[in-house]
Amino acid sequence: MNKRNTESIFNKTFDPMYDKTKHISNSLSSTMSVVHRTDVQNLPNIMSEGLKIEKSVTPSGATQIIEISKRIKTELGITEDRYKTIYTTFNDKELTDSDINELQSRREALIEFKINVNDSDIFVANFDHINKAIFNQIDFNRTKNERYLYDTLHGMERNLYDYWESFVPISEYMNERKYDNPEILIFHDIEPNNLTILTT
């Protein structure tokens, strides 16, 4: 299996496929279904306490991403912290047996819940940009070549700027629907009675 896929924060393999027709029809409602991926060992606590943003974890080895993001966010006037959020994607397709088998092999589960598209604490960004920046960070941590370090850092900065520039309130995003791989970031807790386990 491609090592980079296993190291990305939200492996695109398990993101619900972006179905624009279904997505547009869903946008007529004020609520939408989303899914959150987690380790199965977290399920008892999540279903008891809900999803908590304070339990989000800053990944190790992401020093450059964090520092560059701080500078870019200041420039763009963004105050939200990507590492204190609940990551989700739109629930736009039925899970296949292959999806379920892959999740089970990794001891991971999907949790479904509804969000309000007018919620001012929910944002959408283009996951493709942050995914490229994560790959840049991995390469930066591994290489010793000074020239390559410079190029990798420059690429990371460009991808992070594109990511934060794509960061918009979900109400604005729903009017444009402009990302093929949207990442939904929720900046408040989700109560357990709103959660449904899709896979275990």
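Everything in this summary refers to the structure shown in the same document.

1. With respect to the pattern of salt bridges
Inference 1: For the structure on display, the rule yields five salt bridges.
Inference 2: A salt bridge links E157 to R71; the nearest nitrogen and oxygen atoms lie 2.9 Å apart. Taken together, the residues E157 in helix α7 (residues 146–165) and R71 in helix α4 (residues 63–76) connect sequence positions 86 residues apart.
Inference 3: Accessibility expressed as a relative area gives 30% for E157, which makes it partly exposed.
Inference 4: According to the relative accessible area criterion, R71 is partly exposed, its value standing at 43%.

2. Side note on the nonpolar core
Inference 1: Formed by 25 residues in total, the largest nonpolar core has its most connected members in F113, I115, I184 and I186.
Inference 2: Put simply, the parts of the chain that give this core at least two residues each are β1 (31–39), α3 (43–49), β2 (86–90), β3 (108–116), β4 (122–126), α8 (170–176) and β6 (182–186).
Inference 3: Of all the elements, β3 adds the most residues to this core, at four residues.
Inference 4: With residues near it in sequence (within four places) discarded, I186 still touches I53, T85, I86, T88, F113, I115, D121 and I122.

3. Observations regarding the side chain of T88
Inference 1: By the secondary structure assignment, T88 is in strand β2.
Inference 2: In contact with T88, other than residues within four places in its own chain, are V34, V35, H36, F113, E183, I184 and I186.

4. Overview of the sheet that holds β6
Inference 1: An order of β5-β4-β6-β2-β1-β3-β7 is seen for the seven strands of this open sheet, with the pairing classed as antiparallel. Pairing within the sheet leaves two strands with one partner each, and these edge strands are β5 (168–169) and β7 (196–197).
Inference 2: Of the strand pairs in this sheet, β4 and β5 are connected by two bridges, and their pairing is antiparallel. Bridged to V124 within β5 is V168.

5. Topic: the packing of aromatic side chains
Inference 1: Scanning the entire structure with this criterion turns up seven aromatic pairs.
Inference 2: Look at F167 and F187: their rings are 6.3 Å apart centre to centre, the planes differ by 75°, and that puts the pair in the edge-to-face class. Placement of F167 in the loop between α7 and β5 and of F187 in the loop between β6 and β7 is noted, with a sequence separation of 20 residues between them. Neither residue differs from the other here; F167 and F187 are each classed as buried.
Inference 3: A connected cluster of aromatic rings, assembled from ring pairs, spans F123, Y163, W164, F167 and F187.
Inference 4: For K73, the ring lying beneath its charged end belongs to W164, and the centroid distance is 5.3 Å.

Conventions we followed
Residues numbered from 1 in each chain as written. Predicted model: local features only at pLDDT ≥ 70, side-chain atom pairs only at ≥ 80, totals over all residues. Heavy atoms only, no water. Salt bridge = Lys/Arg side-chain N within 4 Å of Asp/Glu carboxyl O. Helix = DSSP H or I, 4+ residues; strand = E, 2+ residues; numbered from the N terminus. Buried < 20%, exposed > 50% of the residue type's maximum accessible area, 1.4 Å probe, protein only. Core = buried A, V, L, I, M, F, W, Y, C linked by side-chain atoms within 4.5 Å. Contact = heavy atoms within 4.5 Å. Pairing = 2+ DSSP bridges. Phe/Tyr/Trp six-rings, centres within 6.5 Å; stacked < 30°, edge-to-face > 60°. Lys NZ or Arg CZ within 6 Å of the ring centre and 35° of its normal.

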